[in-house]
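# Architecture and fold: a report
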Amino acid sequence: MDLLNDGVYSIRNIDSGLMLDLQSGWAEEGTTIQGYTNNGSEAQQWLVKDQNVPGQPKTTFSIQSNRWKGSGFFATKDGSNLVVYTKQAFVVSLVKRVTDGAYTISFTVREEDMVLSIPGDGNAGNAVKVEKYVEGNRRQLWIFDQVASLRGVGA
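Anyway, here's the lowdown on the structure attached to this text. Since this is a predicted model, take the numbers as computed values, not measurements.

The rules behind these values
- Sequence positions are assigned chain by chain, starting from 1 and proceeding in written order.
- Only residues with pLDDT of 70 or above have their local features reported here, since the model is predicted, and side-chain atom pairs are shown and tallied only from 80 upward, although totals for entire chains, interfaces and linings are computed over all residues.
- As a rule here, side-chain values cover all heavy atoms of the structure and leave hydrogens and water aside.
- We count a salt bridge whenever a side-chain nitrogen from Lys or Arg sits within 4 Å of a carboxyl oxygen from Asp or Glu.
- Helix and strand definitions here come from DSSP, where helices need a minimum of 4 consecutive H or I residues and strands a minimum of 2 consecutive E residues; each element is numbered from the N-terminal end.
- Accessible area is worked out with a 1.4 Å probe on protein chains only. A residue is then buried under 20% of its type maximum, exposed over 50%, and partly exposed in between.
- When DSSP finds at least two bridges between two strands, those strands are taken to pair.

Bringing the pattern of salt bridges into the picture now. One pass over the full model with this rule turns up two salt bridges. Arg 12 is the partner of Asp 145 in a salt bridge, and the nearest nitrogen-oxygen pair spans 3.8 Å. Of the two residues, Asp 145 sits in strand E12 (residues 142-149) while Arg 12 sits in strand E1 (residues 7-13), which places them 133 residues apart along the sequence. The exposure class of Asp 145 is partly exposed, given its relative accessible area of 32%. A salt bridge links Glu 131 to Arg 139, with the shortest nitrogen-to-oxygen separation between them at 3.0 Å. We classify Glu 131 as buried; its relative accessible area is 14%.

As structure tokens, this is what we get:
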């Protein structure tokens, strides 16, 4: 697996080409996370940080909104599979699924093989949801494009 370095990333769905985005740019509790056309805004930038124990495989990360410099995460909304903004801390697992650098994103506290997707079912617009992983389903695959690196204290 190619390792992601801690940094600021835009996260693009390989099926739709849409970016992981805070709806209306709001970093407020419960704001829907959606797929949206690339506009280069902070609403489409995410702080990705390694959360692994040293010496263990590097697959567990936190992904925070860069909108207010890492003030919140994304999580599933209670009682649904919609993905929303929250100030609670959640970690995700990234699994490289194909050779073009695409990953699935799954919550470590959800049932196994549930991954982020843009279903595009027409009923929920471009809302990002969590659904059961299906091999070869491109709407469940994401490309991480680094926008900036994170520098440690004193670096």
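After that view of the structure, there is still more to cover.
Further remarks concern the pairing of strand E5 (residues 60-65). Counting buried positions along E5 yields six of six residues, so the element is predominantly enclosed. Here strand E4 (residues 46-50) runs beside E5; their pairing, made up of five bridges, is antiparallel. Residue pairing across strands places Val 48 opposite Ile 63, the latter belonging to E5. Relative to strand E8 (residues 91-96), E5 is paired through three bridges, and the arrangement is antiparallel. By the bridge assignment, Ser 62 is partnered in E8 with Val 91.

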